[in-house]
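Listed here are the chains, written in short residue letters.
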Amino acid sequence: MSKRKNPSSNDAPNADFCEFLMELSEYEKNVNRNIHKYNAYKNAASVLASLNKKIESGDEAKKLKGIGEKIAKKIDEFLQSGKLKKLENIHQDIEAKTISLFTRVSGIGPVKAADLFKGGLRTLKDLKNNRDKLNHHQIIGLKYFEDFEKKIPRSEIIAIENKMKENIYKLDPKFTVTICGSFRRGKSESGILYKLRDDLPYRRLDIRLVPCEKYYCAVLYFTGSDVFNKAMRTHALEKGFTLNEYSLRPIGSTGLPGEPVPLSSEEEIFEYIDYPYKKPEERNK
DNA sequence: AATAGGCTTGG
DNA sequence: CCAAGCC
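Rules used in this analysis
Residues numbered from 1 in each chain as written. Chains lettered and ligands numbered in written order. Predicted model: local features only at pLDDT ≥ 70, side-chain atom pairs only at ≥ 80, totals over all residues. Heavy atoms only, no water. Helix = DSSP H or I, 4+ residues; strand = E, 2+ residues; numbered from the N terminus. Buried < 20%, exposed > 50% of the residue type's maximum accessible area, 1.4 Å probe, protein only. Core = buried A, V, L, I, M, F, W, Y, C linked by side-chain atoms within 4.5 Å. Contact = heavy atoms within 4.5 Å. Phe/Tyr/Trp six-rings, centres within 6.5 Å; stacked < 30°, edge-to-face > 60°. Lys NZ or Arg CZ within 6 Å of the ring centre and 35° of its normal. Near = heavy atom within 4 Å. Polar contact = N/O pair within 3.5 Å; in protein donor to acceptor, adjacent residues only side chain to side chain. Nonpolar A, V, L, I, M, F, W, Y, C, P; charged D, E, K, R; others polar. pLDDT = per-residue confidence, 0-100. Arc of directions from axis to C-beta. Salt bridge = Lys/Arg side-chain N within 4 Å of Asp/Glu carboxyl O.

## Observations regarding unusual backbone geometry
A cis amide bond links Gly-224 to the next residue, Ser-225, at an omega of 0°. Looking at the element boundaries, Ser-225 is found in the loop between helix H14 (215-223) and helix H15 (226-238). The backbone of Arg-33 sits at a positive phi, close to 50°, despite the residue not being glycine. By the secondary structure assignment, Arg-33 is in the loop between helix H2 (15-30) and helix H3 (35-49). Given the relative accessible area of 47%, Arg-33 is considered partly exposed. Even without being a glycine, Asp-274 presents a positive backbone phi close to 55°. Residue placement: Asp-274 occurs in the segment after helix H16 (266-272).

## Some thoughts on the nonpolar core
Core analysis: the biggest nonpolar cluster contains 21 residues, and Phe-20, Leu-21, Leu-48 and Ile-75 have the highest contact counts within it. Of all the secondary-structure elements, those providing two or more residues to this core are H2, H3, helix H5 (69-81) and helix H6 (85-92). Sort the elements by how many residues they give to this core and H2 lands first, with 6 residues. What Leu-48 contacts, discounting residues up to four positions off in sequence, is Asn-14, Phe-17, Cys-18, Leu-21, Ile-55, Leu-64, Ile-67 and Ile-75.

## Details of the packing of aromatic side chains
Tallied over the full model, the rule gives 11 aromatic pairs. Note on Phe-17 and Phe-20: the rings are 6.2 Å apart at their centroids and 80° apart in plane angle, and the pair reads as edge-to-face. On the criterion of helical spacing, the pair formed by Phe-17 and Phe-20 is a turn pair, its members being 3 residues apart in helix H2. Phe-20 matches Phe-17 in its accessibility class, with the two residues each being buried. Seen from their ring centres, Phe-228 and Phe-270 are 6.3 Å apart, and the 40° between their planes marks the pair as tilted. Here Phe-228, found in helix H15, pairs with Phe-270, found in helix H16; they are 42 residues apart in sequence, far enough to count as distant. As far as the burial class goes, Phe-228 and Phe-270 line up, both buried. An aromatic cluster of at least three residues, connected via ring pairs, comprises Phe-228, Phe-270, Tyr-275 and Tyr-277. One cation-aromatic arrangement involves Arg-154 over Phe-183; the distance from NZ or CZ to the ring centre is 4.0 Å. One cation-aromatic arrangement involves Lys-278 over Tyr-275; the distance from NZ or CZ to the ring centre is 5.8 Å.

## Some points on the protein's contact with DNA strand C
Residues in close proximity to DNA strand C include Val-105, Ser-106, Gly-107, Ile-108, Gly-109, Pro-110, Val-111, Lys-112 and His-137, which together make up its full environment. Here DNA strand C approaches the protein such that, of its atoms within 4 Å, sugar and phosphate make up 100%. A distance of 2.6 Å is found between a phosphate oxygen of DNA strand C and a backbone nitrogen or oxygen belonging to Gly-107. In this structure, Lys-112 approaches DNA strand C through a main-chain N or O atom, which is 2.9 Å from a phosphate oxygen. At 3 residues, helix H8 (residues 110-118) tops the list of elements feeding residues into the surface near DNA strand C.

## Overview of the protein's contact with DNA strand B
Around DNA strand B, the surrounding shell consists of His-36, Asn-39, Lys-230, Arg-233, Thr-234, Leu-237, Thr-242, Leu-243, Asn-244, Glu-245, Tyr-246 and Arg-249. Within 4 Å of the protein, the atoms of DNA strand B are drawn from sugar and phosphate moieties in a proportion of 55%. Thr-242 has a polar side-chain atom sitting 2.8 Å from a phosphate oxygen of DNA strand B. Broken down by element, the surface near DNA strand B gets its largest block of residues, 4 residues, from H15. Among the residues making up the surface near DNA strand B, the classes are represented as 3 nonpolar, 5 polar and 4 charged.

## What to know about the confidence of the model for chain A
For chain A, the average pLDDT comes to 87, and 92% of its residues sit at 70 or higher. Every residue in residues 1-9 is under pLDDT 50, and counting partners more than four places away or in other chains gives 3 contacts.

## Comments concerning H8
When we look at burial in H8, the residues that qualify are Ala-113, Ala-114, Leu-116 and Phe-117. End-on, the buried residues of H8 take up no more than an arc of 160°, which puts them together on one face. More than 90 degrees from the buried face of H8, the exposed residues found are Val-111 and Lys-118. The inward-facing, buried residues of H8 contact helix H7 (94-102) and helix H9 (124-128).

## So, the pattern of salt bridges
Considering all chains together, one arrives at 9 salt bridges under this definition. Among the ionic pairs, Glu-60 bridges to Lys-53, the shortest N-O distance being 2.8 Å. Using a relative accessible area of 44% as the deciding quantity, one classes Lys-53 as partly exposed. Between Glu-266 and Arg-283 there is a salt bridge whose closest N-O contact spans 2.9 Å. With Glu-266 in helix H16 and Arg-283 in the segment after H16, this residue pair connects regions lying 17 residues apart in the sequence. When its relative accessible area of 6% is taken as the criterion, Glu-266 is described as buried.

Right, dumping it as structure tokens:
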């Protein structure tokens, strides 16, 4: 008899652990401003996320790369009690709660959030009443706070893609339209503003028009993920290149980047820096 | 010790 | 021009 697929438990048996580790990770970044703890928690979560066997104890978890004494103890505490004292405390803390909320506004980071809290602001309504304390980016982020957090269903993205292709090809059939981001990596997500219909939420779309010679670097960059990009750019540096969203350039003996390498495919970027090619769906970490 | 690079803002 | 902050 064949086994039925069970995405919720079979697919991600350690999802509970990942969830609290990600929350701790966000706390360390936004409230505590400890980037290294942020990374440590995030890495631990990512290691557990890609594991398809349920972890039964802290000791077992400790064998994994990226999980040490402290996180192992938290896993044990969570296994025994179903919660974490540390997180419970954070949830009670007004400052932590406020800063966590404010950093969800696009354009507000840990520093600005703490500054707003110090100024006595506590709620999104407070922010709306104090727009003079925000820059343009943050005002837009606040205006569309809820909508920007919504994921765009894949089907809606495909509809947008078709509409864009239709209109842009009419302009000039030589244009190429490519949807990037997690959509291209096989998932569904977003990033100018448009409204299709009044009953649908506002969506944030990043639309870039790039010249042909920069197309492949742009597509590579906008496909992500961010972690994947960082890893690949680090590798590029080791191989004597600098890679950004516009070009791949060799770093000369002066230490300065030279002329961009001519490219005719995404794969070529990988080849130049001797990095194993990954299909978009394999770039999720 | 730890994983890039660019844009905006403020000085 | 530079540094900080944010993405």
